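Fold and geometry: a report
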Amino acid sequence: MADRVRVGVLISGRGSNMASLIAASREADCPYEIVLVASNNPEAAGLAIAQQAGIATFAHPHKGMKRAEFDSMIDGALRSAGVQLIALAGYMRILSAEFITGWQGRILNIHPSLLPLYRGLDTHQRAIEAGDAEAGCSVHVVTPELDDGPVIAQARVPILPGDTPDSLAGRILAEEHRIYPEALAQMARKLR
Ligand code: GAR
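Conventions and cut-offs
Residues numbered from 1 in each chain as written. Predicted model: local features only at pLDDT ≥ 70, side-chain atom pairs only at ≥ 80, totals over all residues. Heavy atoms only, no water. Pairing = 2+ DSSP bridges. Helix = DSSP H or I, 4+ residues; strand = E, 2+ residues; numbered from the N terminus. Axes fitted to C-alpha atoms, helices over the stretch in contact; angles between N-to-C directions. Near = heavy atom within 4 Å. Polar contact = N/O pair within 3.5 Å; in protein donor to acceptor, adjacent residues only side chain to side chain. Areas by Shrake-Rupley, 256 points an atom, 1.4 Å probe, with all protein chains shown as cover. Nonpolar A, V, L, I, M, F, W, Y, C, P; charged D, E, K, R; others polar.

**Some details on the sheet that holds strand β3 (residues 57-59)**
What the seven strands build is an open sheet, ordered β3-β2-β1-β4-β5-β6-β7; its pairing is mixed. Of all strands in the sheet, those with a lone pairing partner are β3 and β7 (151-158), marking the two edges. Each strand of the sheet is rotated relative to its neighbour by a mean of 20°, with strand direction disregarded. Summarising the sheet, strand β4 (residues 85-88) and strand β5 (residues 107-111) pair through three bridges and their orientation is parallel. Residue pairing in the sheet places L88 in a bridge with N109 of β5.

**A short note on the site of the ligand**
In the neighbourhood of the ligand, the contacting residues comprise R14, G15, S16, N17, G90, M92, I110, H111, P112, L173 and E176. Contact distances for the ligand include 2.5 Å between an oxygen atom and a side-chain N or O atom of R14. Here the ligand loses 87% of its free accessible area of 450 Å² to cover by the protein chains. A per-class count over the shell around the ligand returns four nonpolar, five polar and two charged.

Below, the structure written as structure tokens:
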């Protein structure tokens, strides 16, 4: 397909969501292609997965850099690669308002909770401790407010007796891998 939307993926770690986005992009009718995987962590395991898939990578540690300076470097890498749409996939660094404004409506994030519940960290533990019957994950458009912005996809899983944060995270992760490629494709179709 000639006119696929060019996607840049930002990661900080293992990159399993990124891998699910790459796998989906290999389908013949997928409306997006991943042209760059960038990270604030040169040790991120996901970088090797991207390289093995033949995708260009960019990695630079954020330590010692001002947020605006670091974000502007990432912005430059994304724009040089001709990126049109950004997918945050376990990118564990808050983006500056300037960066987000520069990509208005064109950044998606996957978050392991049923937003608007449990923004921020330790979502699985917080859902268990609250005694919730259900947990899940959400794909949302990124706005300058943390883990805010319109939710475009969500999946629910039960919280089972004896669940630990890890067991719950595993159940939710399987859903993340299912809904994120679908939501990204839906967004890409709108931009085409
Ligand atoms: C995923 O569970 C993702 O939802 C979460 O980090 C994990 C990354 O895993 N993201 C956040 O908590 C963002 N606030 P992955 O690197 O294997 O995709």
